[in-house]
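Structural characterization, general
Here's the letter readout for the chains.
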Amino acid sequence: MDAAAQVVEIAGRRVKLTHLDRELWPGGPGRRATTKAELVSYVLDVAPALLPQLAGRPVTRVRWPQGVGGPRFFEKNVPSGTPRWVRTVEVESTGRGRWGAPSAQDDDGGPVTFPLVDDEAGLVWLANLSALELHTPQWRLDASGGRSLPDRLVVDLDPGPGTGLAECSELAVLVAERLADDGLVAVPVTSGSKGMQLYAPISGAQGADVVSAYAKRLADGLARDHPWVTAVMAKDVRRGKVLLDWSQNDGAKTTITPWSPRGRDHPQAAVPRSWDELGDDLFQLSLAEAAERFAADGDPLAGVLTPGAPPGPRLPER
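Heads up: these notes are all about the structure in this document. (Residues numbered from 1 in each chain as written. Predicted model: local features only at pLDDT ≥ 70, side-chain atom pairs only at ≥ 80, totals over all residues. Heavy atoms only, no water.)

1. Focus on the overall build of the chain
We apply this condition: Counting from the N terminus, the helices are the DSSP runs of H or I reaching at least four residues and the strands are the DSSP runs of E reaching at least two. Within these notes, the globule rule equals 2.2 Å times the number of residues to the 0.38 power, and the radius of gyration is based on C-alpha atoms. Only protein chains enter the accessibility calculation, which uses a 1.4 Å probe; a residue is then buried when its area is under 20% of its type maximum, exposed when over 50%, and partly exposed in between.
When you go through the chain residue by residue, the secondary structure sums to 6 helices and 18 strands. For 318 residues, the compact-globule estimate of 2.2 N^0.38 gives 20 Å, and the chain sits close to it at 19 Å. In terms of overall dimensions, the chain has C-alpha extents of about 60 × 50 × 40 Å along its principal axes. Of all 318 residues assigned to the chain, the portion counted as buried reaches 54%.

2. Quick word on helix α2 (residues 47-54)
Rule in force here: Only heavy atoms enter the contact rule, under which two residues are in contact if any of them lie within 4.5 Å.
Most of α2 sits inside the fold, with 7 of its 8 residues counted as buried. Listed in full, the buried residues belonging to α2 are A47, A49, L50, L51, P52, Q53 and L54. In this fold, the buried residues of α2 make contact with α1 (36-45), α3 (120-128), β9 (131-136), β10 (152-159) and α6 (287-297).

3. A closer look at the sheet that holds strand β13 (residues 229-230)
Definition in use: Strands were regarded as paired on the criterion that DSSP finds at least two bridges between them. Only C-alpha atoms enter the line fits that serve as axes; for helices the fit covers just the stretch in contact. Angles between N-to-C directions range over 0 to 180 degrees.
The sheet built from 6 strands is open, its strands ordered β13-β14-β10-β12-β11-β17 with mixed pairing. Taken across any chain shown, the strands that pair with only one partner, and hence form the sheet edges, are β13 and β17 (271-272). Of the pairings in the sheet, the one linking β13 to strand β14 (residues 242-245) comprises 2 bridges and is parallel in character. Note that in β14 the partner of T230 across the bridge is L243. Most of the contacts of helix α4 (residues 165-181) go to strand β12 (residues 196-201), to which it runs at about 15°, and overall it touches β10, β12, β13 and β14.

4. Considering the packing of aromatic side chains
Basically, it comes down to this: Any two rings among Phe, Tyr and Trp, with Trp reduced to its six-membered ring, count as a pair given centres within 6.5 Å; such a pair is stacked if its planes are under 30 degrees apart, edge-to-face if over 60, and tilted if neither.
Here the structure, examined in full by the defined rule, presents 1 aromatic pair. Ring geometry for W259 and F294: centres 5.6 Å apart, planes at 70°, overall edge-to-face. Separated by 35 residues along the polypeptide, W259 in the loop between β15 (255-256) and β16 (268-269) and F294 in helix α6 bring together distant segments of the chain. Using a relative accessible area of 0% as the deciding quantity, one classes W259 as buried. Classification of F294 by relative accessible area gives buried; the value is 16%.

5. A word on the nonpolar core
Inclusion rule: Residues belong to one nonpolar core when they are buried, are Ala, Val, Leu, Ile, Met, Phe, Trp, Tyr or Cys, and are joined through side-chain atoms within 4.5 Å.
Of all hydrophobic cores here, the largest spans 39 residues; its most connected members are Y42, L123, L134 and W259. Put simply, the parts of the chain that give this core at least two residues each are β2 (13-17), β3 (23-25), α1, α2, α3, β9 and α6. Element by element, the count of residues in this core is highest for α3, at 6 residues. In this view, L123 contacts V43, A47, L50, L51, L54, V117 and L134; residues no more than four positions away in its chain are not counted. Ranked by size, the runner-up nonpolar core spans 28 residues in total, among them L153, I202, V211 and V229.

So, to be careful, I would describe these as geometric facts and stop short of saying anything about function.
Given below as structure tokens:
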């Protein structure tokens with residue numbers, strides 16, 4: 001075994017850890033570097049909140065083996081050397097790029113063998129692989145291991161040049177009001193990158209095409225009513241606007257999982273927030289701040305978008 005490696009027991013599983021002192025996020029003015037050991041600590045600290053978001057959802061990982069200053073790659077299939085205790089599921093792909101960003105493992109549109117993360121050991125295993133981002137679809141697996149219908153609606157608020165979280169906060173309130181008109185209750189999540197997402201539980205009885213169409217009508221309507229909002233993906237029209245990205249509800253798309261770390265310049269996380277936090281002074285939370293937030297205040301998504309939570313309403317189909 002590598003002299004730098006150690007084997008620890010977590011949740012009754014033996015997990016090999018290597019290079020715990022590797023700097024995954026570099027330091028900067030007034031900021032020290034963040035190591036792999038600190039990433040492991042973070043995922044364990046927030047495991048009671050992160051695991052319910054991953055439960056039953058195939059996980060696409062984005063890995064930075066040398067840290068955020070080095071190359072990254074998207075990984076869908078389980079890698080060689082995956083521990084035997086990691087549960088997996090084979091899902092038929094619908095073609096290159098349909099599961100998020102293209103992957104060298106998924107070029108031919110064939111089946112993809114995803115990992116399922118069930119416990120703290122799985123989180124630590126992924127952290128040891130420098131999987132700094134965990135992305136999941138809007139649906140879970142059913143009891144037979146097949147795809148269920150989506151159980152959540154998500155809209156992504158992506159600020160263009162000249163806008164930021166203040167404008168995203170304003171748009172989030174407008175989106176939540178429109179959703180509330182149809183009986184949906186939304187929870188805001190700062191993305192750990194530039195913008196935020198809104199999540200709302202739905203019935204789980206309608207297909208992704210219905211959810212996507214509903215989200216597109218919502219986006220188009222708000223873009224018509226507010227000139228600083230756009231539902232158009234093209235970057236050349238987004239200066240001074242916030243993109244209301246409805247496309248994340250496609251059955252083949254994935255979204256950053258709430259409480260996941262982010263592979264950005266700073267060690268930040270996607271964190272559920274309370275509505276009274278939104279406003280001009282909203283900012284992204286670091287891993288340390290996210291862990292402290294969870295320890296002090298719990299998870300705003302608990303009992304809302306977790307296994308066993310009551311389903312949300314059906315979406316109007318019009």
